[in-house]
Structure formats: C-alpha cells, structure tokens
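Read off the chains here:
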Amino acid sequence: MSAPEPTSGKYDAIVVGSGISGGWAAKELTERGLKTLLLEAGPPVVPERDYVEHVQDYSLPYHGYGNRRKLKAAQPIQSQTGACDEWVSKWFVNDHENPYENDADKPFLWIRGRHVGGRSLMWGRQVYRWSDLDFEANAKEGIGVDWPIRYADIAPWYSHVEKFIGVSGQAEGLAQLPDGEFLPPMQLNCAELQVRDSMRKRWGRERVLTIGRAAILTQPHLGRAACHYCGPCWRGCITQSYFNSIGSTLPAAAATGRLTLRPNSVVAEVLYDPRTSRASGVRAVDADTMETLEYEARVVFLCASALESARILLNSKSARFPNGLGNSSGELGRNIMDHPFGAGAEATLPGMEDHKTFGNRPNGIYVARFRNVTDKHPKFVRGYGFQGGASRAHWDRGARQKGFGAAFKNSLLRDLGPWQVWLGGWGECLPRADNYCRLHPTLKDKWGVPALHIQCTFGPNERELLKDMQVTAAEVLEAAGAKDIHTFNEELEPGLCIHEMGTARMGRDPKTSVLNGWNQAHDVPNVFVTDGACMTSSGNQNPSITYMALTARACDYAVEQLKRGQI
C-alpha cells in the first residue's frame, strides 16, 4: 500500500471502499494484473496503534463505560449499537458530519464506519453460505424479481473465499445451509451440547444446532495466528486471527505492487462519458483539504456499502441518467432490506454446576433455518436462523466488586451462578419497493455530498417471523430441560442489524433491476457493484460471505471482459 497519490491519475480499475467487499475487489483485480486505485473515505488504521482488544477497563478514562454525554452528542445513532463503546467509538462516524434523514415515524439506524478496513474491523464474523432455497425463493413466491444466479454459480467462489479467509466450522450436511471449506470447529460447551442433543432427540434433522461458522482461525493459516480466545474481536486483533481487509486482502493486493490506496477520499460521483456510454472514472473530495479529486479508470467497482454505493450512483447524474447512473429501471435506491432480529428466549439450565468454560470463545451456536424448508408455514414465508450460546452466570460481577490479585480472581471463577442459555433469531426481510432511499433536496454532509432520505420499515411478514422466533426458541429450551424460560422481542429498528442491502439489485431484466448476473450495471457495463446493494433478496444468514464471493466472481468476469475489449 502506497502513500496517497496526486489529485488525479489514470488506472485500470478504481475500487470505492476498503471493507469486506472492497478489500476483495482490490485483491482480485490486482492479482489479475490491473493497476488499481482503492479510495477510502476515512483515515488509515495502524493496528499497532489503533487495535485495543487487550486494553483493560481500568486503563480507560471512563473504565469502559465511556463518556455518555459526548457519545450522545456526537454519535447519537452510532452509539445505539453496543460495539460503539469507549474502546472503538473512533471507528464509527460522527453523525453530524454524516447526516441523513428519515420520517419520524419510520426510524432507520444507519451504522457506519469510515476508515481503512471499514466495517470488516467490527463485523460479527459469522459466515453462512446460501442455498437454492434462498436463490429460488423470489421466483417461486412471486416476490420482487428472480435472482439471475443459482447456488451452482456461486459455490466455487464461496470455496475460493473460504480457503483464503479461514472459516472454522462443523459440516452438518444440511441442504438449506451448505457446508464449506472449514478449519477445525470451536467446541460447544457442556450446556450447548445438552441443548443440541435434546433437539436431536426431539426433532431429528429438522432442527440442528451447530457451532457458529466464523471467520476466526482455530489453527495457523496463511501466515496468520490461531485465535487465543481473548474475546472482544470488534476492538481489533493484533494476531490477525479473524478476517478483516487490513490483515488479509489489502496486504495481498499490496504484495502485487499494483495497488494504490488513498484514504481520506470521499467519493461523490461516478463520471460518465456519453461518447463511449461508459464510466470514465470518479470524482471525490479530499476529506482533510476539501480539494476536488478526479481519477480515470477503465472499470469502476463500487464497494462502499449498500446505502453509500446507492448514494454515489444517485448523485452521478447526466443527460442520459438524470435520476442517477444506471437507473433506467427506476429501481436504484429501492428494496432496502435488513434482517429483523432481537427476538427469542433465554432460560436457566439446571445441572453441570461443576463445569465452567475456559477462555472467552469469540463465537456462539447456530441453529439453521427450519421454517418453510420442507413444510409451508401458514402465517409467513421464508424463515430465520438462531444464534446464541450458554455461559455460567455472575462471572462478570468482578467489575462491581472490590479486590485484586490471585485470590480475588479465583473467587470469581469458583463462585459462579447457574448455566444460562439464550437463543435469538435472525430473520429474512422481504424486498419491497416502498423501502427506499433517495437524495435529500437540501441536506449535505461535511464534504458537500447530498445526504440520503431513508425510508425502511418491517412489514407483516417480518413481524410474524419475530413472533415465531419467541415460540420456537422457548420450545427448544423447554426440550432441553431449561427452567425460568423468558421470551423477548426488543422490537429493534431496521438498520441496527447492520445488514442493510438491496438498493441496486441484481436481476435478469434491465427494466426491473440495476445489475445483471455478474454484478455489472445493465446500463453502464464498466461499472460493477458488489457490496450489499446488489442483493436481490436478503436470506436470513449473515450476508458478508456472499458479498465476498460475488465480488471475487465479478472481478474474474470483469478482467476477462476487459481482455476481450467488451468493456
């Protein structure tokens, strides 16, 4: 990775955004021979300086609780996610510098990270393949538009990505949750094993509990060390044991000698050349100096996140595209989706009080989707998966007790409460045209780029999923012999799952979609969008592995098209 380039230049490819998908685009394009400029809106991150996973509460000014007044003043939206804490609030945007608007009765929480690596530094690291149950659902149910690909198209690229990032997991042989290229799985604890075995006895292969499939290493892999179970991954990982672009894809791209990384570069629009009917490059703003930057390229990859990429395209206006680049269908900005979550059940599991966990396992359990897999549910379509885990109660009480030294530490480990188990659902959100974003007529961000007005709500199907999550989670815990079962539904707003997607969907017909089956804009063939914007439906699985696989696949296609002179 080089020092910032001048304010202009010519490249083979420009990639906008350095996170999950942008890092993959940079890696794949440079490894295939393209001189690539990677533009990131935020500042660089230096792991040795900025990673704080081993910084203890007592060394912080507010002992981990943070300056709540300051957080609410500068980051009223970002601070609503638990990861925006005293350690890493620096990795979440200032909400006043990065405004957006929604109707008062339709709140949407847009959680953003602007820095090199993007949200790949703070993501949940859960990776689950899609199956044809997901890719075929829209067509079978007449919802939205049909995906232009199927599992067979993306399966080799899932493998390509998994082999590089390192995914720990257990093969289960489930059609609705295809197995992948796994490193050894993390271990279930004794309480989780009891829940798994009771589910197997009650439901057989219908409801299957497994260890989470996580982009966290359980053994050394491609020069990165195995996880040592310190736990707070979202604060960084100096051993590079979990996948992020800073520790994996960006170094791979830099090793080619063909990557130019320019941080603090806020991309405002994609430039369009009417003579060639192609994008000619991008216009950006230097985040520090406010200087205008213009770069030229043969191909442009937008990987800035679903809403940010949509904003860039909507702001890329010309005589041919008065409503945004590649928007002849009118679908740009529409069909926003985010996973409904925050509903499930928790309980106490008697017994096993002579057992305790070791370390702080950065992973939980997963129950694959079982609704609408073989039988049709009468109240809703699609389904959800459970994430959760079990632990002994009261181990964290030391934060509120006086004491220090070995005797104090041993007392915390010895005098533990009962085992507690919780299960929370992550459900599918259906695509709807009335969930959309558009440019605000007057509101702009700090750098003069028009801000978004976002409208996104959960509909009746999502609300039924949330209800059912509570019922079936309680059933699972009851079958395991749990006591004091408590169901919950936190009624969380869209956006807070941080899985927003769908604003420039893929499809077969240019009249009803923005991108084709290669993530290529129907209207402008040298523009590709491979972040969450491209998603045609949402599935219920954590989506990042699908973004990565689609990105690698699109890069391979784009380079071949360039070689043939097609774009």
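Rules behind the numbers
- Residues numbered from 1 in each chain as written.
- Predicted model: local features only at pLDDT ≥ 70, side-chain atom pairs only at ≥ 80, totals over all residues.
- Heavy atoms only, no water.
- Disulfide = S-S within 2.5 Å.
- Buried < 20%, exposed > 50% of the residue type's maximum accessible area, 1.4 Å probe, protein only.
- Helix = DSSP H or I, 4+ residues; strand = E, 2+ residues; numbered from the N terminus.
- Contact = heavy atoms within 4.5 Å.
- 1 Å grid on protein atoms, 1.4 Å probe; cavity = no way out; pocket = protein on both sides within 12 Å on 5 of 7 lines; lining within 4 Å.
- Points joined across faces, edges and corners; volume = space filled by probe spheres on them.
- Nonpolar A, V, L, I, M, F, W, Y, C, P; charged D, E, K, R; others polar.
- Pairing = 2+ DSSP bridges.
- Axes fitted to C-alpha atoms, helices over the stretch in contact; angles between N-to-C directions.
- Phe/Tyr/Trp six-rings, centres within 6.5 Å; stacked < 30°, edge-to-face > 60°.
- Lys NZ or Arg CZ within 6 Å of the ring centre and 35° of its normal.
- Salt bridge = Lys/Arg side-chain N within 4 Å of Asp/Glu carboxyl O.
- Parallel < 35°, antiparallel > 145°, perpendicular 65-115°, else oblique.

Enquirer: Please explain the state of the cysteines as it appears in this structure.
Expert: Two cysteines joined by a covalent bond between their sulfur atoms form a disulfide. Within this structure, the stated rule accounts for zero disulfides. Free cysteine Cys-227: the closest other cysteine sulfur is in Cys-233, separated by 5.9 Å. The thiol of Cys-303 is unpaired, and the distance to the nearest cysteine sulfur, on Cys-555, comes to 7.1 Å. Judged by its relative accessible area of 6%, Cys-303 falls in the buried class.

Enquirer: Looking at this model, I keep getting lost on the environment of Lys-446. Mind explaining?
Expert: Position of Lys-446 among the secondary structure elements: in the loop between strand E14 (436-444) and strand E15 (450-455). Residues Lys-446 and Pro-99, 347 residues apart in the sequence, show an inter-C-alpha distance of 8.6 Å. If sequence neighbours within four positions are ignored, Lys-446 has contacts with Glu-97 and Met-290.

Enquirer: Is there a simple way to think about the layout of surface pockets in this case?
Expert: To find leftover empty space, a probe the size of one water molecule is rolled over the atoms. Considered as a void within the structure, the second largest pocket measures approximately 390 Å³ in volume. Classifying every residue of the lining of the second largest pocket gives nine nonpolar, six polar and seven charged.

Enquirer: Hey, could you run me through the sheet that holds strand E13 (residues 419-427) in this one?
Expert: Whether parallel or antiparallel, the strands of a sheet pair through hydrogen bonds between backbone atoms. Read from one edge of the open sheet, six strands run E5-E11-E12-E13-E10-E16, paired in antiparallel fashion. On the outer flanks of this sheet lie strand E5 (209-211) and strand E16 (483-489), each paired with one strand and no other. Strand-to-strand twist across the sheet, computed as the mean angle between neighbouring axes with direction ignored, equals 20°. Contacting E5, strand E10 (341-349), strand E11 (365-367), strand E12 (384-392) and E13, helix H7 (residues 190-203) runs over the sheet at an angle of about 150° to E5.

Enquirer: How do you make sense of the packing of aromatic side chains when you look at a structure like this?
Expert: Within a pair of aromatic rings, the relevant descriptors are the distance that separates the centres and the angle that separates the planes. Scanning the model with the defined rule gives 18 aromatic pairs in all. Judged by centre distance (5.2 Å) and plane angle (50°), the ring pair of Trp-130 and Phe-135 falls under tilted. Judged by its relative accessible area of 0%, Trp-130 falls in the buried class. When its relative accessible area of 0% is taken as the criterion, Phe-135 is described as buried. Ring geometry for Phe-370 and Tyr-384: centres 5.7 Å apart, planes at 75°, overall edge-to-face. With Phe-370 in the loop between E11 and E12 and Tyr-384 in strand E12, the pair connects residues that are 14 residues apart, well separated along the chain. On the basis of relative accessibility, which here comes to 7%, the residue Phe-370 falls in the buried class. Ring pairs connect the aromatic residues Phe-301, Trp-518, Phe-528 and Tyr-557, which therefore count as one cluster. Over the ring of Tyr-242 we find Arg-125, and its NZ or CZ is 5.6 Å from the ring centre.

Enquirer: I would appreciate a short explanation of the environment of Ile-154 in the present structure.
Expert: Tracing the backbone shows Ile-154 in helix H6 (residues 151-165). By relative accessible area, which is 0% here, Ile-154 ends up buried. Counting along the chain gives 23 residues from Ile-154 to Ser-131, while the straight-line C-alpha distance between them is 9.7 Å. The contacts of Ile-154, once residues within four sequence positions are left out, are Phe-135, Thr-546, Ala-549 and Leu-550.

Enquirer: I'm lost on empty space enclosed by the protein in this one. Help?
Expert: A full pass over the atoms with the stated rule returns four cavities of 30 Å³ or more. For the largest cavity, the calculated volume is near 80 Å³. Lining of the largest cavity is provided by Glu-53, Ile-216, Cys-227, His-228, Cys-230, Gly-231, Cys-233, Gly-236, Cys-237, Thr-239, Ser-241 and Tyr-242. The residue makeup of the lining of the largest cavity, split by class, is six nonpolar, five polar and one charged. Here the second largest cavity is characterised by a volume of approximately 50 Å³. Leu-133, Asp-134, Gln-176, Leu-177, Tyr-366, Ala-368, Arg-369, Asn-540 and Gln-541 together form the lining of the second largest cavity. Grouping the amino acids of the lining of the second largest cavity by side-chain chemistry returns four nonpolar, three polar and two charged.

Enquirer: What exactly am I supposed to notice about the pattern of salt bridges here?
Expert: When the charged atoms of two side chains with opposite charge come close together, those side chains can pair. Tallying each qualifying case throughout the model produces 33 salt bridges. Between Lys-106 and Asp-105 there is a salt bridge, with the nearest N and O atoms lying 3.6 Å from each other. On the basis of relative accessible area, Lys-106 is assigned to the partly exposed category, the value being 22%. We note a salt bridge from Arg-275 to Asp-273, for which the minimum N-O separation is 3.1 Å.

Enquirer: I tried to follow the packing of H6 against helix H12 (residues 544-563) on my own but got confused; where do I start?
Expert: The geometry of a pair of packed helices is captured by two quantities: the angle between their axes and the separation between those axes. The geometry of H6 relative to H12 is characterised by a closest axis approach of 8 Å and an angle of 110° between their N-to-C directions. Relative to H12, the element H6 lies roughly perpendicular. Residues Asp-153, Ile-154, Trp-157, Tyr-158, His-160, Val-161, Glu-162 and Ile-165 of H6 pack against Ile-545, Thr-546, Met-548, Ala-549, Leu-550, Ala-552, Arg-553 and Asp-556 of H12. Classifying every residue of the contact of H6 with H12 gives 10 nonpolar, two polar and four charged.

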